[in-house]
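Chain by chain, the residues run as shown.
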Amino acid sequence: MLGLLCAVGGLFYPVGPDGIYIYMIGAFSYSIGALFVWFLPKLRMARVSRTPDGNRRTGKAFLILLLSIVAALPFLIVYTRAQAYNSSSDSFWTGVRSSYIEQNDLPGGGTMGVANLAPIYIVLAFIAVLELTVNPRYRRTLLTFFGLVFLFQLVLVARSNIMQLLVGAVAICAIRRGRLPVRVILLSVLLFLFVFGLNQFVLGKLDSNWSGPTSAKAASFGRGSMAYTVGPLVAFDDVISHPHHVLNTWKVYKPFVRLANKFGAGLPELSQHLDYTEIAPGLVTNVYTFYFTYYADFGIPGIIVASVLFGALSTVVYRMARQNSPMGIVLYALVVYGVIMSTFAECVCLEVFLWLKAAISVTFFYYLLPSTSVTDRYPRRADPLSTTEACGPPVAQ
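Remember, it's a predicted structure, so these values are computed and weren't measured experimentally.

*Asks:* Before we go on, may I ask you to explain the pattern of salt bridges in this structure?
*Replies:* Any two side chains of opposite charge can pair if their charged atoms end up close together. Counted by the stated rule, this structure contains two salt bridges. Here D297 ties to K251 by a salt bridge, and the two come within 3.0 Å at their closest N and O atoms. In this pair, D297 is assigned in helix α12 (residues 292-322) and K251 in the loop between α10 (231-241) and α11 (254-262), connecting sequence segments 46 residues apart. Residue class for D297 comes out partly exposed when judged on its relative accessible area of 35%. In this structure K251 comes out as buried when scored by relative accessible area, which is 16%. In this structure, E269 and R258 form a salt bridge, with 2.7 Å as the shortest nitrogen-oxygen distance. Placement of the pair is E269 in the loop between α11 and β2 (277-280) and R258 in helix α11, with a sequence separation of 11 residues. On the accessibility criterion, R258 (13% relative accessible area) is buried.

*Asks:* Before we go on, may I ask you to explain a nonpolar patch on the surface in this structure?
*Replies:* Side chains of L247, Y253, F256 and L270 sit close together on the surface and give an oily, nonpolar patch of about 420 Å² of accessible area. Structurally, L247 is set in the loop between α10 and α11.

*Asks:* Sorry, what's going on with the environment of G59 here?
*Replies:* Considering the arrangement of structural elements, one finds G59 in helix α3 (residues 56-86). Each C-alpha atom of the pair G59 and Y138 lies 5.9 Å from the other, and the pair is 79 residues apart in sequence.

*Asks:* Explain helix α13 (residues 326-340) here, please?
*Replies:* Under the 1.5 Å per step criterion, the end-to-end length of α13 is 22 Å for 15 residues, consistent within 8% with the ideal 21 Å. When you tally the buried positions in α13, you get 12 out of 15 residues, the bulk of the element. For α13, every residue scored as buried is listed here: P326, M327, G328, I329, V330, L331, Y332, A333, L334, V335, Y337 and G338.

What counts as what
- Numbering of residues starts from 1 in each chain and follows the order in which that chain's sequence is written.
- Given that the model is predicted, a residue must reach a pLDDT of at least 70 before its local features are reported, and side-chain atom pairs must reach 80 or more before they are shown or counted; all residues, however, enter totals for whole chains, interfaces and linings.
- The basis for every side-chain value is the complete set of non-hydrogen atoms in the structure, without hydrogens or water.
- Each salt bridge in this description consists of a side-chain nitrogen of Lys or Arg and a carboxyl oxygen of Asp or Glu lying within 4 Å of one another.
- By the criteria applied, helices consist of DSSP H or I runs no shorter than four residues and strands consist of E runs no shorter than two, each listed in order from the N terminus.
- Three exposure classes are used, based on accessible area relative to the maximum for each residue type with a 1.4 Å probe and protein chains only: buried under 20%, partly exposed in between, and exposed over 50%.
- Patch definition: residues with relative accessible area over 30% and no salt bridge; like charges joined within 9 Å; nonpolar side chains (Val, Leu, Ile, Met, Phe, Trp, Tyr) joined within 5 Å.
- Accessible surface is estimated by sampling points in the Shrake-Rupley manner with a 1.4 Å probe; for residues, cover comes only from the protein chains shown.
- In this scheme, a helix's expected span is set at 1.5 Å multiplied by one less than its residue total.

Below is the structure:
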């Protein structure tokens, strides 16, 4: 990302040496945490001991889930119409998005509704992708379920959720096949570029509109892409230069406060969104990379500790996934997304309950539901440390 920023540097305000220094420290610390765990001798990962019975129970479970999401879609349409109606925006989809953000900023995330199903459906879609790699008998059911989850996120105008869904699918296919799934990657990139562009023009971001010439649309799309990829690096550098310019509302404990308020605790809760910072003339952003959460409260030591722990966690999950642990494979999807999004925002501690939902879902499918051994369909691989063919540890790019 720093290389990309150098390539388009003239479009944005420059990043100072302090910012580059902190980025290097964070990347180095992540790599140290990953390498430390990687070379721990005789480290043994917990294995999942049970899996669905002969594909039949998995197929029935996902058939039920498929019916549930089909039943939820009409309620989702009613929800989006109500959100648009309650908004002051003239645009339907802008109203949906702004109302969703406003409700999300309420203590505890506002009232429970069909939109709250979005995160758990993403986790279940990860399990569907995992089953697709070993369960061709129910391929049509699993693919249909994944497609409907994609549609569910699209209706919510949840671009980051769609990215998480696609990144997770690629990560699971890669770890299961032991190689990069080129066709899956290309399809995912094309889908996300389509969603990204659709979101930008439908919501009118960066003054985008459908009526302009093709060259103007392409320029607007490119500017939006650069703003979301390298813009956070510029914004975080501004935070380093002006420490009190942006109030840190991404506290590490925020998810727990939010959960307590969902059950009526009435605790003070900070906004879900940060203040905006100008990153180029007439261009602003309110995302500040993975490092912001820790730097704002703990300085450079906070970045070092957080990066080392994230690196260690990444390696633990990666080794679990390499040993064909379903728990490790599903969590690996979240790790890869967290690494990719680290240049954008903190998506690990602030999404701790998504990790918990993933663990509970995997436990249900591979502990409570089945009655046969995991090795029947997920043969246990040797620990990566004991093979010469294994890939190296995850190292920050």
